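Now for the letters of each chain:
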Amino acid sequence: MGEIPSADRLNRRRFLGAAGLAGAGAIMSARGTIAADAAKPDPLITEIQDWNRYLGDGVDTKPYGMPSKFEKNVIRRDVSWLTASPQSSVNFTPLHELDGIITPSGLCFERHHAGVAEINPADHRLMINGMVDRPLVFTMEDIKRMPRVNKIYFLECAANSGMEWRGAQLNGCQFTHGMVHNVMYTGVTLRTVLNEAGIKPNAKWLMLEGADAAGMNRSLPLDKALDDCMLAFAMNGEALRPEQGYPLRAVIPGWEGNLWVKWLRRIEVGDQPWQTREETSKYTDLLADGMARKHTFIMDAKSVVTNPSPQAPLKYKGRNVLSGIAWSGRGTVTRVDVSMDGGRNWQTARIDGPVLDKSMTRFYVDFDWNGQELMIQSRAMDSSGYVQPSKEALRKVRGVNSIYHNNGIQTWLVRSSGETENVEVG
Ligand SMILES: Nc1nc2c(c(=O)[nH]1)N[C@H]1C(S)=C(S)[C@@H](COP(=O)(O)O)O[C@H]1N2
Ligand SMILES: [Mo]
């Protein structure tokens, strides 16, 4: 075969590509793939396959659809040594398997303190008490008869990337960054519900309380509650999943996941924070001098390259798609820069898909790989002008005692074999 111009080569790959895919795992040049294809006819093209020969399942076999069996690796995973019990634990979103900006409901990471509460919505009640004109109790039916809103927001646990404070540890963006998800919520604004009860003039704080065995509770400033918070009963167009707080959860856009109380059963209105466990001994940030930061509600701008990453190494030289996600609790993501050489040189990534307030944003860099070693990083910028810091810069201010709010720049080392590792650059 003579010299193939590159556009032609791509067309030929489209026709003959199945054999090229069968070789996944080995690194080969596009030219090598073509030569192999030309020498040996591809049975996937020349032979009739079973799925072409036999009838498939009928419409009566799967009343609720599930992903293809070939996608069985696309699952949430936990890290068993991280926590003492699976009821007070976390699993992680497989970010390296996903694309676009919406996290499929069944893949949203779960974090709960006392397991998943199983609540029949007919038995669920939401009570509002404290500094209100009229203490009220709502059924789910009551809430669903109020004016609805639909919003897409990211939820990030403040402990996301928390294991990385003292250096690179977990090998995979699922584990280093997978305590984040991004779905569309349907519900009512918290303002609507609070207005029904009537807030007393001196009220400044709310306490949100869950109906799970942890009775998890957090204090929320009234200003934020009236600004953009929601009580959601649906995600991605259907009822909340039990793991995500069915039948009702709080949505606190841009703020740490712990405030997004699931199985929400009570809102107390007061004039000061309650100093609950989750805002004193937990979800505070111990600094180098022994003082702790408190009420660090906002999740600052952060990004991560999801492909390539340790669980998704590079397989091919030549054409490749680098992909990643960015988000900010302060507004929209305005720009993402990517470095391939550990932060010496940066290029602006291509953002594609919706760019929404306090939502995940998808970015790409379409690049050619010659098989050289890469040190891949991404750096997000947001509409407030904030720029995602390096881990080094973050540690200068915060020390290494923190668990929460690690939004430092992640580095993936891509070896010439394509294998990819979690590393840090000095
Ligand atoms: N009632 C209740 N709400 C809760 C929790 C909990 O254990 N109980 N965990 C919180 C924490 S720490 C986080 S990060 C988010 C996780 O939400 P998800 O499970 O939908 O990902 O829920 C929050 N809301
Ligand atoms: Mo969390």
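Residues numbered from 1 in each chain as written. Chains lettered and ligands numbered in written order. Predicted model: local features only at pLDDT ≥ 70, side-chain atom pairs only at ≥ 80, totals over all residues. Heavy atoms only, no water.

A. Geometry of the site of ligand 1. Near ligand 1 lie 21 residues; those nearest to it are Phe109, His113, Asp212, Arg249 and Lys262. In the model, an oxygen atom of ligand 1 is placed 3.0 Å from a nitrogen or oxygen of the Arg111 main chain. Lys262 places a polar side-chain atom, nitrogen or oxygen, 2.5 Å from an oxygen atom of ligand 1. For ligand 1, whose free accessible area comes to 530 Å², the fraction covered by protein is 100%. For the shell around ligand 1, the residue count by class is eight nonpolar, seven polar and six charged. (Near = heavy atom within 4 Å. Polar contact = N/O pair within 3.5 Å; in protein donor to acceptor, adjacent residues only side chain to side chain. Areas by Shrake-Rupley, 256 points an atom, 1.4 Å probe, with all protein chains shown as cover. Nonpolar A, V, L, I, M, F, W, Y, C, P; charged D, E, K, R; others polar.)

B. Expanded view of the sheet that holds strand E12 (residues 264–270). Pairing in this open sheet of five strands is mixed, and the strands run E4-E3-E12-E7-E8 from one edge to the other. Every other strand in the sheet has two partners, leaving strand E4 (136–139) and strand E8 (217–221) as the edge strands with one partner each. Recorded for the sheet is a direction-independent mean angle of 20° between the axes of neighbouring strands. Here strand E3 (residues 125–130) pairs with E4 via four bridges, running antiparallel. (Pairing = 2+ DSSP bridges. Helix = DSSP H or I, 4+ residues; strand = E, 2+ residues; numbered from the N terminus. Axes fitted to C-alpha atoms, helices over the stretch in contact; angles between N-to-C directions.)

C. Spatial organisation of the confidence of the model for the protein. Overall, the predicted model of the protein reaches an average pLDDT of 92, with 91% of residues at or above 70. Overall, residues 1–35 carries pLDDT values under 50, and its contacts beyond four positions in sequence, including any with other chains, amount to 44 contacts. (pLDDT = per-residue confidence, 0-100. Contact = heavy atoms within 4.5 Å.)

D. Focus on unusual backbone geometry. Geometrically, the link from Tyr246 to Pro247 is a cis peptide bond, its omega value of 10° lying close to zero. The residue Pro247 is located in the loop between strand E10 (238–239) and strand E11 (249–251) in this model. Residue Pro308 follows Asn307 across a cis peptide bond; omega there is 0°. The topology assignment puts Pro308 in the loop between strand E15 (302–307) and strand E16 (318–327). Despite not being glycine, His295 shows a phi value in the positive range, around 55°.

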